Amino acid sequence: MSVPSRVPRRVVVLGSTGSIGTSCLDVAASLPEWIEVVGLCAYQSVGPLLEQAARFRPRWLVVVDREAGRRIQPGELPPGTQLRLGDEGIAEMVRDPEVDVVVSAIVGAAGLTGTIAALEAGKTVALANKESLVLGGPHVMKLVRERGGRLLPVDSEHSAIFQALQAGRSDEVERLVLTGSGG
């Protein structure tokens, strides 16, 4: 009896050249039967982004800083990889029907744009950007409810709280206290 083949989750990594993004790509590389990287995005780190593109051969490559992105020559892209620029490029990439999961790891307020675009499209967002919730919490959560997407915390305190709350009943929690660790 044969085991059915697994269809990998198609993942976009926003902030792929940062520490969380590179860690995510290391996991993806070790689990190719589970994860297919279909999109990568960086602000202006073109060199590392092109190295990642050569390794993963994604469908999409987005450089947020338009000037930096314009320095990429067509021959530098892997065959089949489409280059997009700016926030519009992020939105186009995350809304693609072939994208299953968006890892939102762009630092600071800049990460809100991709998070919102992905949730508007009903995607699962693996959120490593706390600022998306600090700046847009009510709107972000409304999009999750209305568009059928999912929000999964994947970094530091908010992931630890999420995991801890999964272990018990919500009525067992009276309050949560977060301290500012500095980062």
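Preceding this paragraph is the structure being described.
The rules behind these values
- Residues numbered from 1 in each chain as written.
- Predicted model: local features only at pLDDT ≥ 70, side-chain atom pairs only at ≥ 80, totals over all residues.
- Heavy atoms only, no water.
- Helix = DSSP H or I, 4+ residues; strand = E, 2+ residues; numbered from the N terminus.
- Rg over C-alpha atoms; globule rule 2.2 N^0.38 Å.
- Buried < 20%, exposed > 50% of the residue type's maximum accessible area, 1.4 Å probe, protein only.
- Lys, Arg positive; Asp, Glu negative; His and termini not counted.
- Salt bridge = Lys/Arg side-chain N within 4 Å of Asp/Glu carboxyl O.
- Contact = heavy atoms within 4.5 Å.
- Core = buried A, V, L, I, M, F, W, Y, C linked by side-chain atoms within 4.5 Å.
- Patch = residues over 30% accessible without salt bridge, like charges linked within 9 Å, V, L, I, M, F, W, Y side chains within 5 Å.
- Areas by Shrake-Rupley, 256 points an atom, 1.4 Å probe, with all protein chains shown as cover.

## So, the overall build of the protein chain
No. 1: The helix and strand inventory of the protein chain stands at seven helices and seven strands.
No. 2: Put simply, the protein chain runs from its N terminus to its C terminus through helices and strands in the order β-α-β-α-β-α-β-α-β-α-β-α-β-α.
No. 3: For a compact globule of 183 residues, the expected C-alpha radius of gyration is about 16 Å, and the protein chain comes in at 17 Å, within 12% of that figure.
No. 4: A burial count over the protein chain gives 43% of its 183 residues as buried.

## Quick look at the side chain of aspartate 65
No. 1: Among the secondary structure elements, aspartate 65 is positioned in the loop between β3 (60-63) and α3 (66-70).
No. 2: Although buried, aspartate 65 forms no salt bridge, and the nearest oppositely charged side chain, arginine 71, lies 5.7 Å from it.
No. 3: The contact partners of aspartate 65, leaving out residues within four places of it in the chain, are Tyr43 and Gln44.

## Some thoughts on the nonpolar core
No. 1: Judged by nonpolar contacts, the single largest core of 25 residues is most densely connected at Val12, Leu14, Cys41, Ile90 and Val94.
No. 2: Mapped by element, the contributors of at least two residues to this core are β1 (9-14), β2 (35-42), β3, α4 (86-95), α5 (111-120), β6 (124-127) and α6 (131-147).
No. 3: In terms of residue count, the dominant contributor to this core is α5 (five residues).
No. 4: Among all residues touching leucine 14, those that are not within four sequence positions of it are Cys41, Ile90, Met93, Val94, Val102, Val103, Ser104, Ala105, Ile106 and Gly114.

## Quick look at a nonpolar patch on the surface
No. 1: On the surface, Val27, Leu31 and Trp34 cluster together into a nonpolar patch covering about 250 Å² of accessible area.
No. 2: Position of valine 27 among the secondary structure elements: in helix α1 (residues 19-30).
No. 3: The class of valine 27 is partly exposed, set by a relative accessible area of 41%.

## Structural notes on unusual backbone geometry
No. 1: The backbone phi angle of arginine 57 is positive, close to 50°, even though this residue is not glycine.
No. 2: Looking at the secondary structure, you find arginine 57 in the loop between α2 (46-56) and β3.

## A word on α5
No. 1: The element α5 is extensively covered by neighbouring structure, given that eight of its 10 residues are classed as buried.
No. 2: Among all positions of α5, only Gly111, Leu112, Gly114, Thr115, Ile116, Ala117, Ala118 and Leu119 are buried.
No. 3: On its buried side, α5 packs onto β1, α4, β5 (101-104), β6, α6 and β7 (150-153).
No. 4: Two residues or fewer after α5 comes glycine 122, characterised by a positive phi angle close to 75°.

## Digging into the side chain of threonine 115
No. 1: Tracing the backbone shows threonine 115 in helix α5.
No. 2: Once residues within four sequence positions are removed from consideration, threonine 115 is found in contact with Ser104, Val125, Leu127 and Ser132.

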